[in-house]
Every structure is written in C-alpha cells, then in structure tokens.
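Residue-level listing of the chains:
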Amino acid sequence: MNSIQDRIAASFASQGLMATIGAKLASVQDGEVHIAMPFSRQLSQQHGFVHAGVITSLVDSACGYAALTKAPPGFEVLTAEFKVNFMRPAAGERFLAVGRVQNAGKLLTVCTGEVRAFAGPGETYKVIALMQATMVNVGP
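Here is a short report on the structure shown in this document. (Residues numbered from 1 in each chain as written. Predicted model: local features only at pLDDT ≥ 70, side-chain atom pairs only at ≥ 80, totals over all residues. Heavy atoms only, no water.)

Time to look at the pattern of salt bridges. If charged atoms from side chains of opposite charge come close, those side chains can pair. Going through the model one piece at a time under the given rule, you end up with five salt bridges. Glu76 is the partner of Arg7 in a salt bridge, and the nearest nitrogen-oxygen pair spans 3.8 Å. Linking Arg7 in helix H1 (residues 4–13) with Glu76 in strand E3 (residues 76–86), this pair joins segments that are 69 residues apart in sequence. Residue classification places Glu76 among the partly exposed positions, given a relative accessible area of 41%. Of the charged contacts, one joins Arg94 and Glu123 as a salt bridge, the two residues approaching to 3.7 Å between their closest N and O atoms. A residue pair is termed long-range when its members are at least 10 positions apart, and Arg94 in strand E4 (residues 94–104) and Glu123 in the loop between strand E5 (108–118) and strand E6 (125–138) qualify at 29 residues. Residue Arg94 is classed as partly exposed on the basis of its relative accessible area of 27%. (Salt bridge = Lys/Arg side-chain N within 4 Å of Asp/Glu carboxyl O. Helix = DSSP H or I, 4+ residues; strand = E, 2+ residues; numbered from the N terminus. Buried < 20%, exposed > 50% of the residue type's maximum accessible area, 1.4 Å probe, protein only.)

Printed below as a string of structure tokens:
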C-alpha cells in the first residue's frame, strides 16, 4: 500500500460488519476518519430508530481507523475500551461517524468520536452520540 488512505480503505473493505450495515468510508485524514451510513429499517430497534449497537459499531470503527492513521508501520489497532453517551434517538435519513485522535502514544491511542444524524439531503445535523475510546497498537 502506498498511503495510509489505501491501507485504511483496504482494511475497511475487508470488514463484514461495515458492509452488512451499509457503511462507507467517507474521509480519511491524518488523525481523523469519517464513516457514512444510510438509514435502514433492518438496523432499527422496536421504536424505529437505528439500534444503539449499530451506532456504537459505526463510531467505534471511525475511532479505530482514526487511530490506525497514527499507528506505527506494520501495526494494527484493536479497541481496548470505550464509553458512549447517547444524546437523542438515532433518527435520520443518513448518519456520519467522525473519529478523531486526541493523543497517540507508543501503545495506546485515545480517540473521541461523534455520530451525526442528518434529517434530509442538506448539511444540517444533530449529534446523537459521543464516544471516548482507547485503542491499542498490536504489533506484527
């Protein structure tokens, strides 16, 4: 792979869960990754909102890939821990998870993430969830 974008795109493409929920890699920058997902009734809970497990998986992946942009060559990352706050129901036509590195150390990377819900085609959104996560670098 020539670049971190290529490395992350290849890793993302190999994830079965992201394909299952219809998620797409939207942006890869140094220390920040965006993952987009459309609403799907198949991912809803009993009230018609996207299930909290789906939202958590989406933002966990965004944080993990943001951490991977800072990982040493040849290393992968795994989630060590996270906390999620849900501020409102996951209602919208589409969602965007944004993962950002706050601090990258030799072994651990601390990230924050948010999930934005878009009601329509415009750029107006509401933040529905926040995550703080710790990712661990795993060597070859």
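So that's the structure; there's more coming.
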